[in-house]
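An overview of the molecular structure
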Amino acid sequence: MGTMSKKIYTESNFIIIVEDNDTMRLGMSETLQRAGYRVQAYDQAGQALEKIKALNPELVITDLRMEPMDGLQLLREMKEVGLPTQVLLVSAYGTVDDAVKAMQLGAADFLTKPFSPDELRIRVQKIMEQRAAEQLIDQLQEQNRYLRQEVDTPYAWLVGRSPSMRRIFELIDRVAGEDSSVLIQGESGTGKELVARAIHRKSLRNKGPFIKVNCAALNDNLLESELFGHEKGSFTGALRRKKGRFELADQGTLFLDEIGDVSSAMQVKLLRVLQEKEFERVGGEQTIRVDVRVIAATNQNLANLVHSGRFREDLFYRLNVIPMNLPPLRQRKEDLPLLAEHFLKKLNSKKRLSADAIKIMQNYSWPGNVRELENLMERLHVIVREEEIGADTIAAYLSPQVGLHPSTEAMNLNDAVFQFEKQLIEHALQQSGGIKNRAAKMLGIRTSALYYKLEKFGLI
């Protein structure tokens, strides 16, 4: 993975004034405060320098002639420590030489006393607008560098050096050049869609579309319309002809996520498309042929579903030409530091994990897998103030999850199962931000089943 450069961000609309003349200092402060800026003012450059280092203001306005440290020396000190703050120098004794020297040292502007409040406001506004434009350009360039690095990475967003992940990368390389169907199996949050995208990107179809369908999110009627399209007037609300995902994926790849949730009736229709490469839109008579590679994924064991009669054996073999099984995070814990760093970089975060914090994370079971880790890194980035995230902080944020193992003391099996299942559902809701279908996906059950369990446990 590529690295992103460390940046120091200034605090927006915050100005520090350094002026040893009381009247001038008060006047500039009041003028800029009325213009909507937050201002702190100091009468000595040495004292102001410490505050500038600590607070990272967006702009420093400093007098040129002061004792014992003058404005040019203050500017020099700021640039030596790499502060990105802009500097406006003001002086009653301004000369061309002073202005040139200030600009050579990196000052944004030079203003000669006396000046009107309007002139001060205009100069400050100009500097702020220029600084905002430069920061936007820097941000876009940084994002472009990062995105280029990610695009150039052979496996896109997949991260890992563990033996199990190296085997996945090798398998992606082998299957990408073929057109065979692929069945990706693994727990929720292990990165099945990322693997599917990586196969598509490395395949000969990479110039064509990658189209995704979440089969668990739609009932039979909606799923049929999504997959095959429909004709105008074929059902109530069908106000125009709609192309289905198979048509949209022509010459590309169709990713059927959560294929294990498809009904028996829909399985028959999918089998025909995989065998014949043709279908009709809902309400239509025209047979449409497509050239699509199908990659399917599920967090369920399809072989077990076949054995129990809930999944067609012939469809299973059509999909399972090339099987791929993704390891859960608990089986590839050596990848944890890489993954955590990757997610923090995606957030452009300056935070880092201590060695002790990583040890605690490696002792955790990660029921939500990589998705849970990504959510945790985002939570730490937003909430935690310290740059280094220590063991205590990680323990505090993982403690509700580590505590998912119920005490079985003086408890029969039914009670233990009841308590454990309830805690797992509460944890999934917490990780999904309360979004029910996402929580159901993490738990590997239908959304309707989740609602039943929420009623059962008194959680709604």
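For the structure, see preceding data.
Residues numbered from 1 in each chain as written. Predicted model: local features only at pLDDT ≥ 70, side-chain atom pairs only at ≥ 80, totals over all residues. Heavy atoms only, no water.

**Some thoughts on the sheet that holds strand S10 (residues 253-257)**
To keep it simple, the criterion reads: Here the rule is simple: two strands pair whenever DSSP picks up at least two bridges between them. Only runs of H or I of at least four residues qualify as helices and only runs of E of at least two qualify as strands under DSSP, and these elements are numbered from the N terminus. Each axis is a line fitted through C-alpha atoms, taken for helices only over the stretch in contact, and angles between the N-to-C directions span 0 to 180 degrees.
Spatial ordering of the open sheet is given by S7-S10-S13-S6-S14, a layout of five strands whose pairing is parallel. On the outer flanks of this sheet lie strand S7 (210-214) and strand S14 (322-325), each paired with one strand and no other. Ignoring which end each strand starts from, the neighbouring axes of this sheet average 20 degrees apart. Here strand S6 (residues 182-185) runs beside S14; their pairing, made up of four bridges, is parallel. Looking at S14, one finds that Gln185 is bridged to Asn325.

**Overview of the packing of aromatic side chains**
The way to describe two aromatic rings as a pair is by their centre distance and the angle between their planes. This is how it is decided: Stacked, tilted and edge-to-face are the three classes assigned to paired rings of Phe, Tyr and Trp, where Trp is represented by its six-membered ring and a pair needs centres within 6.5 Å; plane angles under 30 degrees give stacked, over 60 edge-to-face, the rest tilted.
Applying the stated criterion to the full structure yields six aromatic pairs. With 6.0 Å between their ring centres and 45 degrees between their planes, Phe246 and Phe279 make a pair best called tilted. You can see Phe246 sitting in helix H9 (residues 245-248) and its partner Phe279 sitting in strand S11 (residues 278-280), a full 33 residues away along the chain.

**Let's talk about the pattern of salt bridges**
Test applied: Note on definitions: salt bridges are taken to be side-chain nitrogens of Lys or Arg within 4 Å of carboxyl oxygens of Asp or Glu. Relative accessibility under 20% of the residue-type maximum defines a buried residue, over 50% an exposed one, and the middle range a partly exposed one, all with a 1.4 Å probe and only protein chains included.
A full pass over the atoms with the stated rule returns 27 salt bridges. Between Glu278 and Arg272 there is a salt bridge whose closest N-O contact spans 3.4 Å. Of the residues examined, Glu278 reaches a relative accessible area of 18% and is grouped as buried. Under the relative-accessibility criterion, Arg272 is labelled partly exposed at 29%. The partner of Lys346 in a salt bridge is Glu374, and the shortest N-O contact between them spans 3.1 Å. Separated by 28 residues along the polypeptide, Lys346 in helix H13 (residues 336-346) and Glu374 in helix H15 (residues 369-383) bring together distant segments of the chain. Residue classification places Glu374 among the partly exposed residues on the basis of a relative accessible area of 28%. Through salt bridges that share partners, Glu231, Arg241, Glu247 and Arg281 make up one connected network.

**A closer look at the packing of helix H6 (residues 163-176) against helix H7 (residues 192-202)**
Quick reminder of the rule: Oblique is the label for any angle not covered by the other classes, which are roughly parallel (under 35 degrees), roughly antiparallel (over 145) and roughly perpendicular (65 to 115). The crossing is said to be left-handed when, going from far helix to near helix, the turn is anticlockwise and less than a right angle, and right-handed when the turn is clockwise. Contacts between residues were defined by any pair of non-hydrogen atoms, one from each residue, lying within 4.5 Å. For this scheme, ten residues count as nonpolar: Ala, Val, Leu, Ile, Met, Phe, Trp, Tyr, Cys and Pro. Four count as charged, namely Asp, Glu, Lys and Arg, and the remainder, Gly too, count as polar.
As a packed pair, H6 and H7 sit with axes 9 Å apart at the nearest point and diverge in direction by 45 degrees. When the axis of H6 is compared with that of H7, the two are oblique. Of the two possible hands of crossing, H6 and H7 adopt the one that is right-handed. Between H6 and H7, the contacting residues are Ile168, Ile172, Asp173, Val175 and Ala176 on the first element and Val195, Ala198, Ile199 and Lys202 on the second. By residue class, the composition of the contact of H6 with H7 is seven nonpolar, no polar and two charged.

**Here's the deal with the pairing of S10**
Across the five residues that make up S10, a large majority, five, are buried. With burial as the criterion, each face of S10 is covered, one bearing Thr253, Phe255 and Asp257 and the other bearing Leu254 and Leu256. With five bridges connecting them, S7 and S10 associate as parallel partners. Across the sheet, residue Asn214 finds its bridge partner in S10, namely Asp257. Sheet topology places S10 next to strand S13 (residues 293-298); four bridges connect them, and they run parallel. Bridge assignment links Phe255 to a residue of S13, and that residue is Ile295.

**Concerning the nonpolar core**
The condition is simple: Residues grouped as a nonpolar core are buried Ala, Val, Leu, Ile, Met, Phe, Trp, Tyr and Cys residues, joined through side-chain atoms within 4.5 Å.
Ranked by internal contacts, the top residues of the largest apolar core, which has 31 residues, are Leu227, Phe246, Leu256, Ile259, Leu270 and Phe311. When contributions to this core are tallied by element, the ones reaching two or more residues are S7, helix H8 (220-228), S10, helix H10 (264-276), S13, helix H11 (302-307) and helix H12 (313-319). No other element matches H10, which puts five residues into this core. Ignoring sequence-local partners within four residues, the contact set of Leu256 consists of Val213, Cys215, Leu227, Leu270, Val294, Ile295, Ala296 and Ala297.

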